Amino acid sequence: MPKFVITGGAKLSGQIAVCGAKNSALKIIPAAILSEEPITIKNLPNIEDVDRSLELLESLGASVTRFKGGVTINTKKIKTTELDQKMADKFRGSIMFVGVMLARFGQVKFPHPGGCVIGAGGRPIDLFIEGYKAFGAEIEEDHGHFYNIKAKKLKPANYFFPLVSVTATESMLMTASIIPGKTILKNCAMEPEIEALAEYLNKQGAKIKGAGSPTIIIEGNKKLKAGIFNVIPDRIETGSFAILAAAANSEIKITKCNPEHIMTLLEIFKKIGVNFETGKDWIQIKKSGKLLAHDIKTHEYPGFATDLQSPYVVLMTQVHGSSMIHETIYDRRLIWTDMLSQMGANITMCDPHRILVQGPTKLHGKHLMSPDLRAGIALVIAGLIADGVTEIDNIYQIDRGYEQLEARLQKIGANIKRID
Ligand code: EPU
């Protein structure tokens with residue numbers, strides 16, 4: 001199994017470009033099922049989760065033609081309505097195929113999706129199930145392992161999400177876009193990827209208003225046209241690189257990004273003393289003086305992203321004072337910090353949702369394993385600023401979401417190698 005070997009302390013400087021957003025690409029790929037016409041996706045990140053998503057699409061009978069930086073998809077000849085269990089099991093993004101298959105074919109059979117183990121009970125899908133029922137679908141469930149969803153005739157829905165969920169909002173939005181009539185979704189998630197998805201579907205002929213706000217209104221349109229989509233920059237990658245630069249106290253320019261999408265983090269940077277400048281599509285992190293601790297509480301967008309919690313914890317080990325990190329979205333997303341403690345961080349686990357980080361502490365190289373994608377990037381950042389050598393196993397978890405990470409980090413001076 002490949003691993004990263006990092007020798008910490010190398011001087012970092014220069015420019016690093018951000019790739020297309022994983023969590024946008026993983027919705028646009030299945031959205032291709034909504035139209036029988038070809039869809040071209042550009043600025044597609046070359047990552048494992050995108051490969052898995054395209055493989056799943058091909059296994060259904062769609063044609064997938066990859067080119068440098070993108071793909072053209074044609075779903076006209078889809079031949080089955082059953083998602084391959086082994087494939088869907090590999091990644092959480094497989095749930096994004098369900099609503100679109102239901103909307104186009106009136107039925108879909110699928111297993112409980114796999115992916116990062118960061119939530120209690122293996123990451124529930126109850127909100128999706130409730131949502132599809134609101135469209136008139138009937139659901140047979142085999143002890144939570146397999147679901148068979150059917151609808152004689154789908155109808156528009158008036159649905160209030162009992163809990164704010166990014167992918168459930170996106171799935172309902174996509175499903176409704178080809179169900180004739182008016183669907184009203186309330187208490188929706190507001191992430192930029194949702195707005196991007198709606199903009200794209202509107203270009204294809206959908207009529208979606210309010211995406212990016214808590215209420216989304218969709219006038220379903222049975223036929224969507226061909227489309228071209230440019231994947232928006234990955235805001236989590238943007239934030240992770242910005243945090244790396246701040247933690248290493250290095251001058252790094254992050255390009256091809258949208259600073260607007262990480263405003264919450266940048267506001268905190270101002271408070272804790274990180275020097276930076278922003279332009280329309282770049283962020284220049286500069287050298288800073290003494291940095292100060294600052295508490296965070298993860299929250300749905302535009303609050304502090306749970307996906308940035310782990311890199312932020314690494315930053316807090318380098319600043320002066322104590323910071324309380326409160327993870328409110330997932331139940332098991334602080335467990336990884338035990339590894340940071342093994343590297344020398346002073347972290348007290350208060351309860352499963354809160355840790356107290358006391359800084360600054362010197363980190364030391366260790367042999368570790370990446371438990372999931374976001375903890376993985378945090379361990380890479382920790383390794384880059386630590387003394388000595390850090391080895392990170394199970395980097396499939398990092399490859400799921402970060403394209404050619406080591407090559408991009410090497411360009412800014414990092415001493416990181418992939419060992420097969
Ligand atoms: N939840 C339920 N029932 C559901 C769905 C979600 O209880 O049916 C709970 C979750 O367990 C969690 C909360 O609702 O406690 C919010 O989860 P949400 O549904 O918003 O997360 P998601 O849509 O599954 C997306 C991203 C995650 C990101 C979250 C929060 C994708 C493919 N995934 O997940 O990204 O952490 O939103 O922003 O878009 C990652 O990229 O590493 C990642 C985990």
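All figures in this text were calculated on a predicted structure; none of them were measured in a lab.

**A closer look at the sheet that holds strand E1 (residues 3–7)**
Then, number 1: With mixed pairing, four strands are arranged side by side in an open sheet as E21-E22-E1-E23. Each of the sheet's edge strands pairs with one partner strand only, and the pair in question is strand E21 (367–369) and strand E23 (416–419). When the angles between neighbouring strand axes are averaged without regard to direction, this sheet yields 20 degrees.
Then, number 2: In this sheet, E23 lies alongside E1 in antiparallel orientation, the contact comprising four bridges. Looking across to E23, one finds that Phe 4 is bridged to Arg 418.
Then, number 3: Lying over the sheet, helix H12 (residues 373–385) contacts E1, E21, strand E22 (389–393) and E23, oriented at roughly 30 degrees with respect to E1.

**As for the environment of Met 174**
Then, number 1: Structurally, the position occupied by Met 174 is in helix H6 (residues 166–177).
Then, number 2: Put simply, Met 174 and Pro 2 are 172 residues apart on the chain and 37 Å apart in space, counted from C-alpha to C-alpha.
Then, number 3: Leave out the neighbours within four places in its chain, and Met 174 touches Lys 27, Ala 31, Leu 34, Met 96, Val 100, Leu 197 and Leu 201.

**Examining unusual backbone geometry**
Then, number 1: Put simply, Tyr 301 and Pro 302 share a cis peptide bond, and its omega is 10 degrees.
Then, number 2: Assignment of secondary structure puts Pro 302 in the loop between strand E17 (296–297) and helix H10 (309–316).
Then, number 3: Between Gly 359 and Pro 360 the backbone carries a cis peptide bond, its omega angle lying at 0 degrees.
Then, number 4: Residue position: Pro 360 is located in the loop between strand E20 (354–359) and E21.
Then, number 5: In this structure, Asn 187 takes a positive phi of about 60 degrees despite not being glycine.
Then, number 6: Overall, Asn 187 belongs to the partly exposed group, its relative accessible area being 23%.
Then, number 7: You will see that Asn 394, though not glycine, has its phi angle at about 60 degrees, which is positive.
Then, number 8: Assignment of secondary structure puts Asn 394 in the loop between E22 and helix H13 (396–399).

**Here we look at the site of the ligand**
Then, number 1: Residues in close proximity to the ligand total 23 residues, the closest being Ser 165, Thr 167, Asp 307, Ile 329 and Arg 374.
Then, number 2: Take Asp 307: an N or O atom from its side chain is 2.6 Å from an oxygen atom of the ligand.
Then, number 3: Residue Arg 374 places a side-chain N or O atom 2.7 Å away from an oxygen atom belonging to the ligand.
Then, number 4: Of the residues in the shell around the ligand, the class split is 11 nonpolar, four polar and eight charged.
Then, number 5: There are two domains that each give the shell around the ligand at least three residues, and those are domain 1 (3–19 + 233–419) and domain 2 (22–230).

**Brief notes about the nonpolar core**
Then, number 1: Ranked by internal contacts, the top residues of the largest apolar core, which has 76 residues, are Leu 34, Ile 41, Leu 44, Phe 110, Ile 149, Leu 201 and Ile 216.
Then, number 2: Broken down by element, the residue count for this core peaks at seven residues, all from helix H4 (residues 96–105).
Then, number 3: The residues touching Ile 216, leaving out its near neighbours within four places in the chain, are Thr 169, Leu 173, Thr 183, Ile 184, Leu 185, Cys 188, Ile 194, Ile 208, Lys 209, Gly 210 and Ala 211.

**Overview of the sheet that holds strand E7 (residues 138–142)**
Then, number 1: Pairing is antiparallel across the open sheet formed by three strands, whose spatial order is E6-E8-E7. Among the strands making up the open sheet, the edge pair consists of strand E6 (107–111) and E7. On average, adjacent strands in this sheet sit at an angle of 10 degrees to one another, irrespective of strand direction.
Then, number 2: Direction of pairing for E6 relative to strand E8 (residues 146–150): antiparallel, over a ladder of five bridges. Paired with Val 108 across the strands is Ile 149, a residue of E8.
Then, number 3: Sitting on the sheet, H4 is in contact with E6 and E8, with an inclination near 155 degrees to E6.

**So, H12**
Three- or four-residue spacings in an α-helix give side chains the same orientation, since the helix completes a turn every 3.6 residues.
Then, number 1: Relative to the 18 Å expected for 13 residues at 1.5 Å per residue, H12 spans 19 Å between its end C-alpha atoms, a close match to the ideal helical length.
Then, number 2: Within H12, 13 of the 13 residues are buried, which leaves the element mostly enclosed by the surrounding structure.
Then, number 3: In this structure Asp 372 caps H12, since a side-chain oxygen of it lies 3.0 Å from the backbone nitrogen of Arg 374.

**A short note on the pattern of salt bridges**
Then, number 1: Per the stated rule, a full pass over the model turns up 16 salt bridges.
Then, number 2: Among the ionic pairs, Glu 48 bridges to Arg 52, the shortest N-O distance being 2.5 Å. Pair noted here: Glu 48 and Arg 52 are both in helix H2 (residues 48–59), with a separation of four residues, about one helical turn.
Then, number 3: Taking relative accessible area as the criterion, Glu 48 reaches 22% and is therefore assigned partly exposed.
Then, number 4: One salt bridge in this structure joins Arg 408 and Glu 237, with 2.8 Å as the shortest N-O distance.

**A look at the domain arrangement of the chain**
Then, number 1: Along its sequence, the chain is carved into domain 1 (3–19 + 233–419) and domain 2 (22–230).
Then, number 2: For domain 1 versus domain 2, the distance between C-alpha centres works out to 30 Å.
Then, number 3: The interface of domain 1 with domain 2 comprises 22 residues on the first partner and 20 residues on the second.
Then, number 4: Carbon and sulfur atoms make up 52% of the surface buried where domain 1 meets domain 2, a total of about 2000 Å² over both sides.
Then, number 5: Looking at the side of domain 1 facing domain 2, the largest losses of area belong to Tyr 301, Arg 332 and Arg 400, adding up to 30% of the total buried there.
Then, number 6: Where domain 1 meets domain 2, there are two salt bridges.
Then, number 7: For the salt bridge of Arg 235 with Glu 193, the shortest nitrogen-to-oxygen distance reads 2.8 Å.
Then, number 8: Summed over the shared surface of domain 1 and domain 2, the result is seven residue pairs in polar contact (both at pLDDT 80 or more).
Then, number 9: Elements represented by at least two residues in the side of domain 1 that touches domain 2 include exactly H12 and H13.

The rules we used
Residues numbered from 1 in each chain as written. Predicted model: local features only at pLDDT ≥ 70, side-chain atom pairs only at ≥ 80, totals over all residues. Heavy atoms only, no water. Pairing = 2+ DSSP bridges. Helix = DSSP H or I, 4+ residues; strand = E, 2+ residues; numbered from the N terminus. Axes fitted to C-alpha atoms, helices over the stretch in contact; angles between N-to-C directions. Contact = heavy atoms within 4.5 Å. Buried < 20%, exposed > 50% of the residue type's maximum accessible area, 1.4 Å probe, protein only. Near = heavy atom within 4 Å. Polar contact = N/O pair within 3.5 Å; in protein donor to acceptor, adjacent residues only side chain to side chain. Nonpolar A, V, L, I, M, F, W, Y, C, P; charged D, E, K, R; others polar. Domains from an automatic or database assignment. Core = buried A, V, L, I, M, F, W, Y, C linked by side-chain atoms within 4.5 Å. Expected span 1.5 Å × (residues − 1). Salt bridge = Lys/Arg side-chain N within 4 Å of Asp/Glu carboxyl O. Buried area = accessible area lost by both parts, 1.4 Å probe.

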